[in-house]
Amino acid sequence: MSIFQSLSISGSALTANRLKLDVVSSNLANANTTRGQLVNGEWVPYRRKMVEVTANQSTSFTNLLQRELSGVQVNKIVEDKSPFQAVYDPSNPDSNEQGYVMMPNVDVTKEMVDLMAATRSYEANVTAFNAGKSMLVKALEIGR
Amino acid sequence: MGEKMNQMIGIMSRALDASSLRQKSISNNIANVNTPNFKSTKVSFEEMLQKEVKSQFIGHRSNAKHVLIGETDQIPSPKLEQGNAVFQNSGNGVDLDYEMTKLSENTIWYQSLAYGLNEEFNLLKTAIRAR
Amino acid sequence: MNISAIQAFTNSLPTINKPQSTTDSSPSFGAMLNQYIQDANGAVKDFESKSLSLAKGEAINLHDVTIAAQKASIAVSLTTQVRDKAVEAYQEMMRMQI
């Protein structure tokens, strides 16, 4: 817990948001990728990825007042387990016998909403970072 | 008179501590605006200060042995508390707009405290230097 | 000649008392100056320890360091001024023609 703790907290949030942004970009880029992975010799469409975040803090809840404020941390990137969308398109080379193509479970509108949320959160954290920095600079001016 | 000035400096230092802690708490809340099941934290200091230090009325003592009214030596320390509200489906309890307004308010509070403290020191320095 | 009469007479003359040794006016002033020096020393030590914590990256607020710096500066400045004025007053006293 140094004097730059508040800056580290905001910094951790900036990292997490940038990672979220990257994941959203990946999802949007692969919204139509029917050949995502090779599983057992079969092509499986791209699965939407999500980011799992937790608050970075010491896990001792015994003394609330000593809980460290340490920002946010990305735990892992998980895949969305929701089912693929089946789209009827017999002319597609990837369609199965009934003429359905399994498309990735990426909903573009939802991704755009996530994008805006991540951007807004990023900007809020930049503001918090600047506020913390201005306070430190001001502390140095005491007595100047 | 020296003790009063010393108390002033002590109170303002403690307020700066509170403001600094509040900045960390707000930063943490903003950082965790999307974390599921996160409960926001806040810092309480002003109410405690208002109870402890009654600035307006100080009893006049004709004899140093009489009991002092209205002055106290205790300066409260800032406390970190946890809120209980829930604002999102994910169990997250952070209201981003509230935190942002608190952020700018706190920044200005810190800067004014630093300014006030600086002036306090300047007064002392002027008093020492004046012939 | 019998001087015993004069001797009896001289005994009754009032004797001139030696002047009282001037009471030291400095113990109270010296103690006060000492107190100033102690306070200044304490303030400087406090500042140095906080500065060290800062250098080590320990849990300290930046404003604590700057405030401690100011307190130390003011304390030392005050002590120096008190000493200077005291020395000046002493010199002034020594210059007085009796």
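Residues numbered from 1 in each chain as written. Chains lettered and ligands numbered in written order. Predicted model: local features only at pLDDT ≥ 70, side-chain atom pairs only at ≥ 80, totals over all residues.

Quick word on the overall build of chain A
Threshold: Numbered from the N terminus, helices here are DSSP runs of H or I no shorter than four residues, and strands are runs of E no shorter than two. Atoms counted for the radius of gyration: C-alpha only. Globule rule: 2.2 Å times the number of residues to the power 0.38. Exposure criterion: with C-beta atoms placed from backbone coordinates, a residue whose C-beta has 20 or more other C-beta atoms within 10 Å is buried, one with 12 or fewer is exposed, and one in between is partly exposed.
Each helix and strand in chain A was counted, giving two helices and six strands. Taken against the 2.2 N^0.38 rule, which gives 15 Å for 144 residues, the C-alpha radius of gyration of chain A at 22 Å runs more than 25% over that of a compact globule. Across its three principal axes, chain A shows a C-alpha extent of roughly 80 × 35 × 20 Å. Every one of the 144 residues in chain A was classed for burial, and the buried ones make up 29%.

A few points about helix α3 (residues 96–129) of chain B
Inclusion rule: Given a helix with a known number of residues, its expected span is that number minus one, times 1.5 Å.
Helix length check: α3 of chain B (34 residues) gives 49 Å between terminal C-alpha atoms against 50 Å at 1.5 Å per residue, within 8%. Restricting attention to buried positions, one finds in α3 of chain B the residues Glu 99, Leu 103, Asn 106, Thr 107, Tyr 110, Leu 113, Ala 114, Leu 117, Phe 121 and Leu 124 of chain B.

With respect to the confidence of the model for chain A
Residue and element names in this part refer to chain A. Operational definition: The quantity known as pLDDT measures the predictor's confidence residue by residue, on a range of 0 to 100. Contact between two residues is assigned when their C-beta atoms, built from the backbone, lie within 7 Å.
When the pLDDT values of chain A are averaged, the result is 85; 91% of them are 70 or greater. Mean pLDDT across the secondary structure elements of chain A bottoms out at strand β1 (residues 37–39), with 81, and peaks at helix α2 (residues 108–140), with 93. Across residues 59–66, confidence stays below pLDDT 50; counting only partners more than four residues off in sequence or on other chains, it has three contacts.

Digging into the interface of chain A and chain B
Size of an interface, as often reported, equals the accessible area lost when the parts are brought together. To keep it simple, the criterion reads: Ten residues, namely Ala, Val, Leu, Ile, Met, Phe, Trp, Tyr, Cys and Pro, are considered nonpolar, four, namely Asp, Glu, Lys and Arg, are considered charged, and the remaining ones, Gly among them, are considered polar.
In this assembly, 29 residues from chain A lie in contact with 27 residues from chain B. Residue assignment for the side of chain A that touches chain B shows that the elements contributing at least two residues are α1 (5–29), β3 (49–55) and α2 of chain A. At twelve residues, the largest contribution of residues to the side of chain A that touches chain B is made by α2 of chain A. Grouping the amino acids of the side of chain A that touches chain B by side-chain chemistry returns 15 nonpolar, twelve polar and two charged.

Considerations on the packing of α1 of chain A against α2 of chain A
Each pair of packed helices gets described by two things: the angle between the helix axes and the distance between those axes. All names here are of chain A. Inclusion rule: Here an axis means a line fitted to C-alpha atoms, over the contact stretch when the element is a helix, while the angle between two N-to-C directions is reported on a 0 to 180 degree scale. When describing relative orientation, an angle under 35 degrees is termed roughly parallel and one over 145 degrees roughly antiparallel, while 65 to 115 degrees is termed roughly perpendicular and anything else oblique. Crossing handedness is read from the near helix: turned anticlockwise from the far helix by less than a right angle, it gives a left-handed crossing, and turned clockwise, a right-handed one.
The N-to-C vectors of α1 and α2 enclose an angle of 160°; their axes lie 9 Å apart at closest approach. The pairing of α1 with α2 is recorded here as roughly antiparallel in orientation. α1 and α2 meet at a crossing whose hand is left-handed. On α2, the residues that touch Ser 6, Leu 7, Ser 10, Gly 11, Ala 13, Leu 14, Asn 17, Lys 20, Leu 21, Val 24, Asn 27 and Leu 28 of α1 are Val 108, Glu 111, Asp 114, Leu 115, Ala 118, Ser 121, Tyr 122, Asn 125, Ala 128, Phe 129, Gly 132 and Lys 133. Taken together, the residues of the contact of α1 with α2 sort by class into twelve nonpolar, eight polar and four charged.

Considering the interface of chain C and chain B
With eight residues of chain C in contact, the opposing surface of chain B contributes ten residues. Residues that form the side of chain C that touches chain B fall into these classes: three nonpolar, five polar and no charged.

A short note on the confidence of the model for chain C
Residue and element names in this part refer to chain C. Mean pLDDT over chain C stands at 82; residues scoring 70 or higher make up 76%. For chain C, helix α1 (residues 4–12) is the element with the lowest average pLDDT, namely 67, and helix α3 (residues 62–95) is the one with the highest, namely 90. Across the predicted assembly, pTM comes out at 0.76 and ipTM at 0.77.

Some remarks on the nonpolar core
This is how the line gets drawn: Defined on buried residues, the nonpolar core groups Ala, Val, Leu, Ile, Met, Phe, Trp, Tyr and Cys residues joined through C-beta atoms within 7 Å.
Ala 128 of chain A together with Ile 30 and Ala 114 of chain B are the most contacted members of the largest nonpolar core, which totals 46 residues. When residues of this core are traced back to their parent elements, those giving at least two are α1, β3 and α2 of chain A, α1 (2–31) and α3 of chain B together with α2 (26–56) and α3 of chain C. Residue contributions to this core peak at eight residues, all from α3 of chain C. Discounting chain neighbours no more than four positions away, the residues touching Ile 30 of chain B are Ala 13, Ala 124, Asn 125 and Ala 128 of chain A together with Leu 96 and Glu 99 of chain B.

A look at the environment of Gly 30 of chain C
Residue and element names in this part refer to chain C. With respect to the secondary-structure elements, Gly 30 resides in helix α2. Judged by C-beta crowding, with 12 C-beta atoms within 10 Å, Gly 30 ranks as exposed. Measuring from C-alpha to C-alpha, the distance between Gly 30 and Glu 58 comes to 39 Å, with 28 residues separating the pair along the chain.

Looking at α2 of chain A
For α2 of chain A, spanning 33 residues, the distance from its first C-alpha to its last is 48 Å, which sits close to the expected 48 Å at 1.5 Å a residue. Those residues of α2 of chain A that sit buried are Asp 114, Ala 118, Ser 121, Ala 124, Asn 125, Ala 128, Phe 129, Ala 131, Gly 132, Met 135, Lys 138 and Ala 139 of chain A.

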